Amino acid sequence: MTELAESPLAAGDRNLSVDEARAAIAAALRPITDSETVALAQALGRVLAADVNSPIDVPAHDNSAMDGYAFRGSDLQPAGPTTLHAVGTLFAGAPWASIVGPGQCLRIMTGAVMPAGLDTVVPLELCRVEGNTVHVEAGVIRPGDNRRRRGEDLTAGRPALQGGRVLKPSDLGLVASLGIAEVTVRRRLRVALFSTGDELRTLGQPLDAGSVYDSNRYSLLGALQRLGMEVIDLGLVRDDPAALKATLETAVAQADVVLTSGGVSMGDADHTRAVLASMGEVAFWKVAMRPGRPFAFGPLAAANEPAGVAPPCWLFALPGNPVAALVTFYAFAREALLLLAGATPQPLPVLQARCTTALRKRPGRTEFQRGIVERAADDGWQVRLTGSQGAGVLRSMSEANALVVLGHAQGSVTEGGLVDVWLFDGLV
Ligand code: AMP
Ligand code: MG
């Protein structure tokens, strides 16, 4: 824990910009190191624990990139047409045993291994064939054309994929192309999730006056599932210090991360603070953002473990407002969870789109507005805001396909002005 002494975590209550908060979180976290071996078919979305080195050259042999005729490049006549004598047909997967001599060629299919001595393929459409005679006009082909070289894609012994990668469909195919059936991945990060609030009701309960259904647990569950997290659902917790402490202790005993929503705003903060102070070094940040603040983050120690012995369980306490809970999740927790899970951080792809309306914005805080990005008539990207932007209006988030992110220093945006946009595809 000593390394936290100089970090913003130690400063307790602080006003931070979004970027400062992100940096402070990233600086505090260390990835888990446990790994497991899984079948390739089960590995989509998992974090590769180490480099996958290629055991073979890919392709394993020089082969033809086209359907055509294979021959010796040295036979090409620079000045006039080249005439070749076809001596056979070669299919992919069936090697050619005999020698094809100078002046001869072979009808060859895409992917077939180049016979010894042949280095060039003329595609069918570039030659004229009369019986077994093939004519190639001057200048249509150069020696070495249309031949894929052995090891051109991957070289034996070299990394084909780097550790820390979140495996995507093409990665699974790449690993399969090496003949590898299993991969070593980090174990899934375990995230305990609960909601706090006396006014919250679980699905199936009647909605009495003044109560609302606990929606955050479902949005956050979905967000965690998309990130490949193992979720421990601890349900709903009343606004009661003893209940909060008991649930946190259950969470800390089995999870790497505790994700909560509600209970960190001004009205609730005192009792939450007392409980958290007794369990770790959680900082309550007033992050200059909208929607979003308040937000609490820090390490929690298990009841029977002195701080600093085991890796801490990290608390991310999100605000209760349904939009604010999701926005703070995407702004802070998403990247942090990937980092803890051992994934190499990838910058979010940020799109610039023209805003269809003027937006009022004052410098000194980051604003996340819900938007719909669409193709404009001139083929550029434009974005319009979804309905009411209140922090509690979940529908605005559901209708949106992107967050419009107005940076800390940015002022108002004029109609047609460019704004940064985080597309939900790739983010959520
Ligand atoms: P809090 O941050 O606890 O003060 O909550 C702020 C607002 O968000 C209140 O109106 C809560 O009723 C609402 N809220 C808190 N938690 C949830 C939840 N899990 N699902 C839906 N609304 C919530
Ligand atoms: Mg509350």
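To be clear, the structure that these remarks concern was listed above.
I will try to describe carefully the structure that is included in this document. (Residues numbered from 1 in each chain as written. Chains lettered and ligands numbered in written order. Predicted model: local features only at pLDDT ≥ 70, side-chain atom pairs only at ≥ 80, totals over all residues. Heavy atoms only, no water.)

Assignment of secondary structure puts Val393 in the loop between strand E25 (381-385) and helix H7 (394-399). Separated by 231 residues in sequence, Val393 and Gln162 have C-alpha atoms that sit 41 Å apart. Sequence-distant contacts of Val393, defined by excluding residues within four places in its chain, comprise Val323 and Ser388. (Helix = DSSP H or I, 4+ residues; strand = E, 2+ residues; numbered from the N terminus. Contact = heavy atoms within 4.5 Å.)

The α-helix winds at 3.6 residues per turn, so residues separated by three or four positions along the chain end up facing the same way. Burial in helix H2 (residues 169-177) covers these residues: Asp171, Leu172 and Val175. What you see down the axis of H2 is that its buried residues fit within an arc of 100°, all on one side. After H2 finishes, the residue Gly179 shows a positive phi value of roughly 80°. (Buried < 20%, exposed > 50% of the residue type's maximum accessible area, 1.4 Å probe, protein only. Arc of directions from axis to C-beta.)

The next thing to look at is helix H3 (residues 216-226). Listing the buried residues of H3 in full gives Asn216, Arg217, Leu220, Ala223 and Leu224. On an axial view of H3, the arc spanned by its buried residues comes to 130°, and they lie on one face. Away from the buried face of H3 by more than 90 degrees, exposed residues Gln225 and Arg226 are located. As for H3, its buried residues are in contact with strand E14 (190-196), strand E17 (230-237), strand E18 (257-261), strand E22 (313-318) and helix H6 (322-340). Of the residues one or two after H3, Gly228 is the one with positive phi, at around 75°.

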